[in-house]
Amino acid sequence: MGLLLCAGCGDRPVAEPGVDALADRLPPLYDPASLSAQVIPNSDLPPEGTRSLFDQLVAQNGALPYPFESVVDWLASLDVDGRRPTTVLIPHGRSLQKGRSSFADPRVVLSADVSPPPGVALTPPIKGRLFLGFVDAANEIEVLSYNEAAGRFEFQLVQDYCEGCTPRIVYARRNVCLTCHQNAAAIFPVRPWEETNAAPDIAAGIRDVHPNIDTLRGAPLGVRLAAPEAVDNATDIANMIPLAQRIWLDGCGPDTAGHACRRMLLGQALRFALAPGSFDPQSETAMDLITRLAQHWPERGFELPDNDLKNRDPLEDDLYQGGWLAGLKRAVFGRDTARNNPVSEDKLEEFDALPSLPREFDPLTRRPPRRWSQPGDLDAVYALAQEFTATDVARLQAAGRVDAVVSAVQSAALDAHVAAVPFRRSEIMLALLDTLDADAMPTRWGLPVAELSAPIREGEPPLQLSADSELKPFETYCFGCHRDNPSARLNFMAGASEAAVLERIEATDKIRDALDYERYRGTAKAGLLMPPDGSWQREHLERALAAGDDPLTPMREQVPALFDF
């Protein structure tokens, strides 16, 4: 079996370690003694008091939509012009989901390159900060989204994302993700993106299996090269953010001189964001910043990781060619059958059991840096400028001229935000606008972290109900929205045991009204009824009621009526 696994693997060693082993011996992302390593931890869960952009979006929406095409529609609704996020289909890729994807069930890769409309809140930039990967047969969405307060991207999973299931949003094992995502951000192949449905043969393979539809899971079956190029460009934006945070912290240093350096860096980023055409990288102030940065700069420079994977044509792999060896490999591993019956309950074991890729195509292979950033490159100036949205720029321009805005960074209101903390665009914007006496102060965007449910780490076991549990109907019709919901307000069916969940249900009297179909159906208050109209849970409930079953009464009996004593 070892020889068979090695066949066609280029120069990859026979005894290549699995993903788990690679994760266990992964080198530190940053020098453990560096300021950035102390300020931006490499923990699986987000640092206390912070949460991911994805968590915030889901919490504000109330729940994660289902099925996946509804997620695409939801993200499109966030765009000022209703533009849909960019999607590509990859039937034979390189992710941990590759064993489940096929022409019949290709992986959807989504880049949320949407621009929210102007509003009273400081809505964050989303493009380059939220990516999803989904294979229906895996019942799992892989999520990469930015956590501004922590200054890092978060790796998350939506597990059990399927009809009749209770989805769980968990934080993934970070080091497992970093074995491929060596930049701690997004990765993607380079032009001409022959793994995607922008390649005619790939699109044709998907259409052969789905001849009567134009879209699958909300994604077009065929796309122009502009689609993977947009995803590629978004990953380039993401790739610069960790570098900018390192320069913000390590490039400036920890002491008061570091604070002054960060003020200067912020001022130059604002100058570029507000007036890019007149920005002069050779100006006296820019040269002063370069001199300050050089004092803390590593001898070789700061590493800009390579987020680009080598282009690969999966149809050229020997698994797809003629010959007895390729035929034997197809017989063992399959050519285009999604693994609906996985070879292992452990997805990492399943991934490791698949044929190895040649080293030059394998994302597990350690990639050298794209380049080494130097002080004169002003990489952090340009990257941090991209953190400010078009609405941010308009607000700042309305509050003062460029020089006035840049001068405002010297205000004491910025002291806490130029200390040894991550660059946090929303906090800086509020302090700047307050200093400039802006006519209309925006509100903070997102829910306070105290109003979010506690984050869940991958591997924490879900609640297992007993066969005769009183919670069975709640599991079917309610858990999908009200258990493991990022919003604490909506997470009222949380609990580590059946007794704890029942106790919370009994304390939530609004459930009784939400299940009172006899009283509210057909009235102006029909919108109060749960599960919500249009959900698969509502469809299953209506089907049960039509068949003469009554799951509503036992659920309502768990919630005391107003005059129960």
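Keep in mind that this is a model prediction, so the values were computed, not measured. (Residues numbered from 1 in each chain as written. Predicted model: local features only at pLDDT ≥ 70, side-chain atom pairs only at ≥ 80, totals over all residues. Heavy atoms only, no water.)

(A) Representation of the overall build of the protein chain in the model. Assigned secondary structure in the protein chain consists of 23 helices and 12 strands. Within the protein chain, buried positions represent 53% of all 565 residues. Taking as baseline every contact in the protein chain between residues at least 6 positions apart, the subset at least 24 positions apart corresponds to 71%. A total accessible area of about 25,200 Å² is found for the protein chain, and carbon and sulfur atoms account for 52% of it. (Helix = DSSP H or I, 4+ residues; strand = E, 2+ residues; numbered from the N terminus. Buried < 20%, exposed > 50% of the residue type's maximum accessible area, 1.4 Å probe, protein only. Contact = heavy atoms within 4.5 Å. Areas by Shrake-Rupley, 256 points an atom, 1.4 Å probe, with all protein chains shown as cover.)

(B) View of the sheet that holds strand E3 (residues 130–135). Within the open sheet, the 6 strands sit side by side as E1-E2-E3-E4-E5-E6. Their pairing is antiparallel. Where the open sheet ends on each side, the last strands, each with one partner, are strand E1 (86–90) and strand E6 (168–171). Each strand of the sheet is rotated relative to its neighbour by a mean of 20°, with strand direction disregarded. Here 4 bridges tie strand E2 (residues 107–111) to E3, and the two strands are oriented antiparallel to one another. Across the sheet, the residue bridging to Leu 110 is Leu 132, located in E3. (Pairing = 2+ DSSP bridges. Axes fitted to C-alpha atoms, helices over the stretch in contact; angles between N-to-C directions.)

(C) View of the state of the cysteines. Under the defined criterion, the tally for this structure stands at 2 disulfides. The residue that forms a disulfide with Cys 252 is Cys 261, at a sulfur-sulfur distance of 2.2 Å. Residues Cys 252 and Cys 261 share a disulfide whose torsion about the S-S bond is about -60°; that sign makes it left-handed. Taken individually, Cys 252 and Cys 261 each receive the classification buried, so the pair is uniform in this respect. (Disulfide = S-S within 2.5 Å.)

(D) Focus on the packing of aromatic side chains. Enumeration according to the criterion identifies 10 aromatic pairs in this entry. Both rings, one in Phe 279 and one in Tyr 382, keep their centres 6.0 Å apart while their planes meet at 80°; by these two values the pair is edge-to-face. Of the two residues, Phe 279 sits in the loop between helix H9 (256–274) and helix H10 (284–296) while Tyr 382 sits in helix H13 (residues 379–385), which places them 103 residues apart along the sequence. The class of Tyr 382 is partly exposed, set by a relative accessible area of 27%. What links up through ring pairs into an aromatic cluster is the set Tyr 66, Phe 68, Phe 134 and Tyr 161. (Phe/Tyr/Trp six-rings, centres within 6.5 Å; stacked < 30°, edge-to-face > 60°.)

(E) Spotlight on a negative patch on the surface. Together, Asp 468, Glu 470, Glu 503 and Glu 506 make up a negatively charged patch on the protein surface. With respect to the helices and strands, Glu 503 occurs in helix H19 (residues 498–506). For Glu 503, a relative accessible area of 56% translates into the label exposed. (Patch = residues over 30% accessible without salt bridge, like charges linked within 9 Å, V, L, I, M, F, W, Y side chains within 5 Å. Salt bridge = Lys/Arg side-chain N within 4 Å of Asp/Glu carboxyl O. Lys, Arg positive; Asp, Glu negative; His and termini not counted. Charge placed at Lys NZ, Arg CZ, Asp CG, Glu CD.)

(F) How the structure looks around the packing of helix H14 (residues 390–399) against helix H16 (residues 425–435). Packing of H14 against H16 leaves a shortest axis separation of 11 Å and a crossing angle of 15°. Here H14 is positioned roughly parallel relative to H16, judged by the angle of their axes. As for the relative orientation of H14 and H16, their crossing is left-handed in sense. Residue-level inspection shows Asp 392, Arg 395, Leu 396 and Ala 399 of H14 in contact with H16, the latter providing Arg 425, Met 429, Leu 432 and Leu 433. Residues belonging to the contact of H14 with H16 are distributed by class as follows: 5 nonpolar, no polar and 3 charged. (Parallel < 35°, antiparallel > 145°, perpendicular 65-115°, else oblique. Left-handed = near helix turned anticlockwise from the far one by under 90°. Nonpolar A, V, L, I, M, F, W, Y, C, P; charged D, E, K, R; others polar.)

(G) Quick peek at the nonpolar core. Within the largest apolar cluster, 48 residues are counted, with the highest numbers of intra-cluster contacts made by Leu 266 and Leu 396. Within the residue set of this core, elements represented by two or more residues are helix H8 (226–251), H9, H10, strand E10 (302–304), H13, H14 and H16. In terms of residue count, the dominant contributor to this core is H9 (8 residues). The residues touching Leu 396, leaving out its near neighbours within four places in the chain, are Leu 270, Leu 274, Val 405, Met 429, Leu 432, Leu 433 and Leu 436. With 31 residues, the next largest nonpolar core counts Tyr 161, Ile 169, Ile 206 and Leu 216 among its residues. (Core = buried A, V, L, I, M, F, W, Y, C linked by side-chain atoms within 4.5 Å.)

(H) Inspection of unusual backbone geometry at higher detail. Residue Arg 191 is joined to Pro 192 through a cis peptide bond whose omega torsion reads 10°. Within the element layout of this structure, Pro 192 appears in the loop between strand E7 (188–189) and helix H7 (200–209). In this model, Met 530 is joined to Pro 531 through a cis peptide bond whose omega is 0°. Topologically, Pro 531 is positioned in the loop between helix H21 (517–520) and helix H22 (536–546). Located in the positive-phi region is Arg 217, a residue other than glycine, with phi close to 55°.

(I) Region of interest: the pattern of salt bridges. If you walk through the whole model with that rule in mind, you get 31 salt bridges. For Arg 217, the salt bridge is made with Asp 136, and the minimal N-O distance between the two is 3.8 Å. Taken together, the residues span a long stretch of sequence, with Arg 217 in the loop between strand E8 (215–216) and strand E9 (219–220) and Asp 136 in the loop between E3 and strand E4 (140–147) at a distance of 81 residues. Overlapping salt bridges bring together Asp 79, Asp 81 and Arg 83 as one network.

(J) Geometry of H16. With 8 of 11 residues buried, H16 lies mostly within the body of the structure. Every buried residue of H16 is accounted for by Arg 425, Ser 426, Ile 428, Met 429, Leu 430, Ala 431, Leu 432 and Leu 433. Along its buried surface, H16 packs onto H9, H14 and helix H15 (402–407). Looking one or two residues past H16, Asp 437 carries a phi angle of roughly 55°, positive in sign.

The values reported here are purely geometric and, on their own, carry no functional implication.
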